[in-house]
Amino acid sequence: MLDFPRWKQAWLWFITLACALAALPSIFSVAGLPWPSALPNPKINLGLDLAGGSHLLLEASTDQVRRQRLDSMEEEVRNRLRQAEPQIQIGDISTRDGSVSFMLQDPAQIDAAREQLQTLTQGAGMTGQRDWDLQVLDGNRIVLTPTEAGLKLAVTQAMETATEVVRKRIDALGTREPTIIRQGDDRIVVQVPGLKDPAALKDLLGQTAKLEFKLVDTTANPAELAQGIAPPGAEIVYYADPAKDGAQPIAVRRLGGIKGDQLSNAQAGNNQQNNQPVVNITFDQQGGAKFAKLTTENVNRPFAIILDGKVLSAPNINEPIIGGTAQISGSFTAETANQLAIALRSGALPVDLKVVEERTVGPDLGADSIEKGMIAFGVGTLVLMAFMLFTYGRFGVYTCTALILNTLMILGIMAVIGTTLTLPGIAGFVLTIGAAVDANVLINERIREERARGRKVVQAVEFGYSEARSAIFDGNITNVIAATLMFLIGSGPVKGFAVVLMIGIATSVFTAVTLTRMWVAGWLRRARPTELVL
Amino acid sequence: MKLLKLVPDNTNIRFLRWRLPFYVISLLLMVASITLVATRGLNLGVDFVGGQMIRVTFVNSAEAPVAQLREEVGRLGYGEPTIQQFGKPNEISIRMHLPEGGEKDASLADAMSKRIVADIKSKHPDARLDGVDSVSGKVSGELFKTGMQALIAAMVAISIYIWIRFEWQFGIGALFALTHDVTLTLGMFALTQLEFDLNIVAAVLTLIGYSLNDTIVVYDRIRENLRKYRRMPLPELLDLSVNETLSRTIVTSSSVLITLLALLLLGPNVIFGFTAAITLGIFVGTYSSIYMSAPILIWLKVNPSSFVPTESAVDKQERLARERG
């Protein structure tokens, strides 16, 4: 039990020092000292609650994805059957009840229609299921229903695109080291450290930036519009800024417009006539051609520029715009114009994202937490070490040395495996230090007891270590169970606490049991004491 | 050098003599706690009910204009805000739960915090925003569910572990002691109306681990003594075990309390509730491992034959020593 061959001692010291040395870069950095750049530089990451920053949980609406798929399917069905040879006439098309349903004018064309529509659907998932179910009712009605597998695939694709768009937008803000991770089916976690103004970030991410150009339906009756009734084939849209443009909505044609997703650039600028902030957009080749066609065919008619379902402006098309560039005006400030430009450059989000959880900590509060946490840790440790010295004398010295090495080892391991230190993590640290002495207390008390029973020094020490072992082991296992569950319930800061606790349990058993035993054994061999002060 | 001894050697306090009255008191306290939680309820933080909480420091004022803020934020139409000071008098938190029926609206919590922040910034130019927490109804529901699951799972998993390592009576004793600790802590939170959030769940999990650690030390000694003194009546044996481990119990509790007090008095204000919960738990946990988890073994009729009388390392050494000498 008290036998430590040289190789074992060397090995234990090696582990201890390797872990403890890894803590030095982090300590140097907190103390503001330079760390030689030639040496490896593992450092502990500070959590957002210490470094300051924002944690946002964004959620996409699957209902919206469902709705969009129905709408685009409706449009595809119309186009495909109209372009078919011979043309297939349809009527009574609707997207109610979660499926696209329509009648064929000529029931004899049912097979031709079915053949055309087959090409609009595709496989989804591993099971060979398709993304739409095609049914024929009463011989002349076709119903296309989206399958669950198809919806799931669509949501996954939308989320992949959304994550990319979010990344581009955050990069455009020029923040350092953002973390963007998809979570579950319909969520994205965004973590941005050291942000001055999270409101700007949230506004940027909250903007879908779906830009559309649609023709204004001038036949609409203003009185009916006010009641929310649109002419056939048209829909009602409201102005983004009712205070300036009036609360009266306008009607736009549902079909035949173009989307503003085929852009090669977007820049904020100023209108040369009235110096108002505007956004200048440049279409890519395909988009430019579509835009040229739309404006050429509709000269002298008004068209609406719609952003995320709200009208920015509805100017008249005075002449065909064939250069592939356009200017978007609206009630912008320089800031919102710039934001829209960033959003348009990074592309539209395929689905709206909502902030369902936010945790933001300002840099001042974070710095205050670090400072107070370190003071509490320092004072707590010093008082605790004094207490140990007064209670256990020589054995207290071993306990304190183990404690210091334990602290360094926890820091070192955290730095090497790249865990994040959070505020509850600091609390976990302090608590670990308090609990780490428990193993030594158990051992020392047991040695005391065995001495009181009249055992010789060496025997008492040996028994102290061997008999305390099962209690130390069981006690630490229960703590591991608690820490694991904390890790699993998972919100960021609590996770940080659990990680520190787990590392602390491992290192404290190592330092408090193994290392102190080695030191005590060495002392017993050298000094051969016949009396213990304990 | 004369060493410090918090507990004299060879104490022989008959703790278990008072087991009945203490059990009655503890059970009454548990009933009171449950009643308090049921009637007064926990002051659930935004983590668990949804809503927003912001932290603001008024850098140019000695004191935050609490009454004025209460009125201004109240006028925004979300309801009455809860405004509390934390740390210095010019540092406050403004908490606002989701209004009735707002659980379904995924972006309401975010909208609330945006609006409140904008309102305060426009009216108080010296307000510095130190933190924002906003949690929607759906997310808060998930957090509450996983939090409770983790608590219950921890209690059950730990009890099963004890049952495997010891005997079923010990497992039940541990589970009972844990229930006692958790109930009393919840009762304390219902009484003081301190905010109960995700961090507090972590604190409760920590104290579960700590209290169990304490219980295990006592149980470990009981097991050892059950093997050693096979004819000793159980109450006496339990008393002996508690007394033998008393010094360790006091020294360890003091050690943990030293570090916790440092954290409580000098540490960051943001985790005050968290530290307070663990500190309270240390007292409750220490008490419960002596008065709750040990005596229950008498009623569950633990006896020495529960353990196969194996010869431990110590026994062997002792026997050899006897044979030699």
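Residues numbered from 1 in each chain as written. Chains lettered and ligands numbered in written order. Predicted model: local features only at pLDDT ≥ 70, side-chain atom pairs only at ≥ 80, totals over all residues. Heavy atoms only, no water.

## Some thoughts on the nonpolar core
Convention followed: Take the buried residues of types Ala, Val, Leu, Ile, Met, Phe, Trp, Tyr and Cys, join any two whose side-chain atoms come within 4.5 Å, and each joined set is a nonpolar core. Only protein chains enter the accessibility calculation, which uses a 1.4 Å probe; a residue is then buried when its area is under 20% of its type maximum, exposed when over 50%, and partly exposed in between. Strands are runs of DSSP state E lasting at least two residues, helices are runs of H or I lasting at least four, and both sets are numbered from the N terminus onward. When checking whether two residues touch, look at their non-hydrogen atoms; a contact exists if any pair is within 4.5 Å.
Counting residues in each nonpolar core, the largest one holds 138 residues, and the members touching the most others are F395, I447 and V461 of chain A together with I162, F170 and I222 of chain B. The element contributing the most residues to this core is helix 16 (residues 492-527) of chain A, with 17 residues. In this view, I447 of chain A contacts F395, A460, V461, G464, Y465, L532 and L534 of chain A; residues no more than four positions away in its chain are not counted. Ranked by size, the runner-up nonpolar core spans 27 residues in total, among them L215, V279, L307 and I317 of chain A.

## Some details on helix 4 (residues 62-83) of chain A
For the α-helix, the turn length of 3.6 residues means that residues three or four positions removed from each other point alike. Residues and elements named next belong to chain A. Our working definition: Residue count minus one, scaled by 1.5 Å, sets the expected span of a helix.
With 22 residues, helix 4 should reach 32 Å at 1.5 Å per residue; the first-to-last C-alpha distance of 31 Å fits that figure. For helix 4, every residue scored as buried is listed here: V65, R69, L70, M73, E74, V77 and L81. On its buried side, helix 4 packs onto strand 3 (90-94), strand 4 (100-104), helix 5 (110-118), strand 5 (132-137), strand 6 (141-146) and helix 6 (148-173).

## So, the sheet that holds strand 5 of chain A
All names here are of chain A. Defined as follows: Paired strands, as defined in this entry, are two strands with at least two bridges between them according to DSSP. Axis lines are fitted through C-alpha atoms, for helices just across the contact stretch, and the angle between N-to-C directions can take any value from 0 to 180 degrees.
Strand order in the open sheet formed by four strands is 3-4-6-5, with antiparallel pairing between adjacent strands. What marks the edges here is a single partner per strand, and that holds for strand 3 and strand 5. Direction aside, the axes of adjacent strands within the sheet are offset by 20 degrees on average. Two strands pair when backbone bridges link them, and strand 3 and strand 4 are joined in this way by three bridges, in the antiparallel orientation. When the sheet's bridge partners are listed, G91 is paired in strand 4 with M103.

## Let's talk about the confidence of the model for chain A
It should be kept in mind that the predicted coordinates are not to be read in detail where pLDDT is low. To be explicit about the condition: Residue-level confidence of the predictor is what pLDDT reports, using numbers from 0 through 100.
The share of residues in chain A with pLDDT of 70 or more is 98%, and the mean pLDDT across the chain is 86. Within chain A, no element has a lower average pLDDT than helix 9 (residues 242-245) of chain A, which sits at 72, and none a higher one than helix 13 (residues 394-417) of chain A, at 93.

## What to know about the UniProt feature "transmembrane region" (unreviewed entry) in chain B
Residues and elements named next belong to chain B. Applicable threshold: UniProt positions are given in the numbering used here, feature names are shortened, and annotations may be inferred rather than shown by experiment.
Within this structure's numbering, the places UniProt gives as "transmembrane region" (unreviewed entry) are residues 20-38, 146-164, 171-192, 198-219, 240-265 and 271-291. Each end of residues 20-38 is marked by a C-alpha atom, and these two atoms are 27 Å apart; helix forms 100% of the span and strand 0%. Measuring from the first to the last C-alpha atom of residues 240-265 gives 37 Å, for a span that is 100% helix and 0% strand.

## Digging into the UniProt feature "domain: Protein export membrane protein SecD/SecF C-terminal" (unreviewed entry) in chain B
UniProt records the feature "domain: Protein export membrane protein SecD/SecF C-terminal" (unreviewed entry) for residues 121-301 of chain B in the present numbering. Across residues 121-301 of chain B, helical content stands at 80% and strand content at 6%; the span's end C-alpha atoms are separated by 66 Å.

## Regarding a positive patch on the surface
Quick reminder of the rule: Patch definition: residues with relative accessible area over 30% and no salt bridge; like charges joined within 9 Å; nonpolar side chains (Val, Leu, Ile, Met, Phe, Trp, Tyr) joined within 5 Å. Working definition of accessibility: Shrake-Rupley area with a 1.4 Å probe, residue cover restricted to the visible protein chains. Put simply, a salt bridge is a Lys or Arg side-chain nitrogen that is within 4 Å of an Asp or Glu carboxyl oxygen. The charged-residue count follows a simple rule in which Lys and Arg add positive charge and Asp and Glu add negative charge, with His and chain termini not counted at all. By convention, charge coordinates are those of NZ in Lys, CZ in Arg, CG in Asp, or CD in Glu.
On the surface, R6, R394, R525, R526 and R528 of chain A cluster together into a patch of positive charge. Tracing the chain through its elements places R526 of chain A in helix 16.

## What about the packing of aromatic side chains?
For any pair of aromatic rings, geometry is given as the distance between the ring centres together with the angle between the planes. Heads up, the condition is: Note on ring pairs: Phe, Tyr and Trp rings are taken, using the six-membered ring of Trp, and paired if centres are within 6.5 Å. Classes follow the plane angle, with under 30 degrees stacked, over 60 edge-to-face and the rest tilted. To sit over a ring, a charge needs its Lys NZ or Arg CZ within 6 Å of the ring centre and within 35 degrees of the ring normal.
For the structure shown, the criterion picks out 24 aromatic pairs over all chains. Centre to centre, the rings of F189 of chain B and F196 of chain B are 5.6 Å apart; their planes meet at 85 degrees, and the pair counts as edge-to-face. Each member of the pair, F189 of chain B together with F196 of chain B, is buried. Three or more aromatic residues link up through ring pairs in this structure, and these residues are W13, F395, Y398, W519 and W523 of chain A. Over the face of the ring belonging to F86 of chain B we find R55 of chain B, whose NZ or CZ atom lies 5.4 Å from the ring centre. Taking NZ or CZ as reference, R223 of chain B lies 4.1 Å from the ring centre of F166 of chain B, over its face.

## Quick look at unusual backbone geometry
Omega for the peptide link from E85 of chain A to P86 of chain A comes to -10 degrees, which places this bond in the cis form. One can find P86 of chain A in the loop between helix 4 and strand 3.

## What to know about the confidence of the model for chain B
Residues and elements named next belong to chain B. The predicted model of chain B averages 88 in pLDDT, with 96% of residues at 70 or higher. When mean pLDDT is compared element by element in chain B, helix 1 (residues 19-39) scores highest at 94, while helix 11 (residues 313-324) scores lowest at 71. Across the interfaces of the predicted complex, the ipTM metric reaches 0.86, alongside a pTM of 0.81.

## Some details on the side chain of S113 of chain B
Cut-off, in case you're wondering: Polar contact criterion, stated in full: a pair of N or O atoms within 3.5 Å, where within protein one must be able to donate a hydrogen and the other to accept it, and residues adjacent in sequence count only if both atoms are side-chain atoms.
Positionally, S113 of chain B belongs in helix 4 (residues 108-123). The exposure class assigned to S113 of chain B is buried, which follows from its relative accessible area of 1%. Polar contacts involving the side chain of S113 of chain B include one to the main-chain carbonyl oxygen of D110 of chain B, which spans 3.1 Å. What S113 of chain B contacts, discounting residues up to four positions off in sequence, is K202 and E358 of chain A together with Q52, V132 and S134 of chain B.

## A closer look at the environment of T218 of chain A
Residues and elements named next belong to chain A. The topology assignment puts T218 in the loop between strand 9 (211-215) and helix 8 (222-226). Among the residues examined, T218 registers a relative accessible area of 60% and is labelled exposed. As for T218 and R517, which are separated by 299 residues in sequence, their C-alpha atoms are 91 Å apart.

## Some thoughts on the sheet that holds strand 13 (residues 263-270) of chain A
Residues and elements named next belong to chain A. Pairing in this open sheet of three strands is antiparallel, and the strands run 13-14-17 from one edge to the other. The outermost strands of the open sheet, each flanked by one partner alone, are strand 13 and strand 17 (325-328). Here the average twist between neighbouring strands, direction ignored, is 20 degrees. Where strand 13 and strand 14 (residues 277-283) come together, seven bridges link them in antiparallel fashion.

## Structural notes on the domain arrangement of chain B
Residues and elements named next belong to chain B. The condition is simple: The domain limits used here are those given by an automatic or database domain assignment. Take the accessible area each of two parts loses on contact, using a 1.4 Å probe, and add the two losses: that sum is the buried area. In the scheme used here, Gly and all other residues not listed as nonpolar or charged are polar, with Ala, Val, Leu, Ile, Met, Phe, Trp, Tyr, Cys and Pro taken as nonpolar and Asp, Glu, Lys and Arg as charged.
Each assigned domain of chain B is listed with its residue range as follows: domain 1 (15-41 + 140-307) and domain 2 (51-135). Measuring from the centre of the C-alpha atoms in domain 1 to the corresponding centre in domain 2 gives 38 Å. Each side of the interface is counted separately: domain 1 has five residues, and domain 2 has seven residues. Interface of domain 1 and domain 2: buried area, both sides summed, is about 450 Å²; carbon and sulfur atoms make up 61% of it. Broken down residue by residue, the surface that domain 1 buries against domain 2 is led by E195, N269 and V270, which jointly contribute 77%. Its salt-bridge partner being E195, residue R95 comes within 3.6 Å of it at the nearest N-O pair. Connecting domain 1 to domain 2 are zero residue pairs in polar contact (both at pLDDT 80 or more). Tallied by class, the residues present in the side of domain 1 that touches domain 2 amount to two nonpolar, two polar and one charged.

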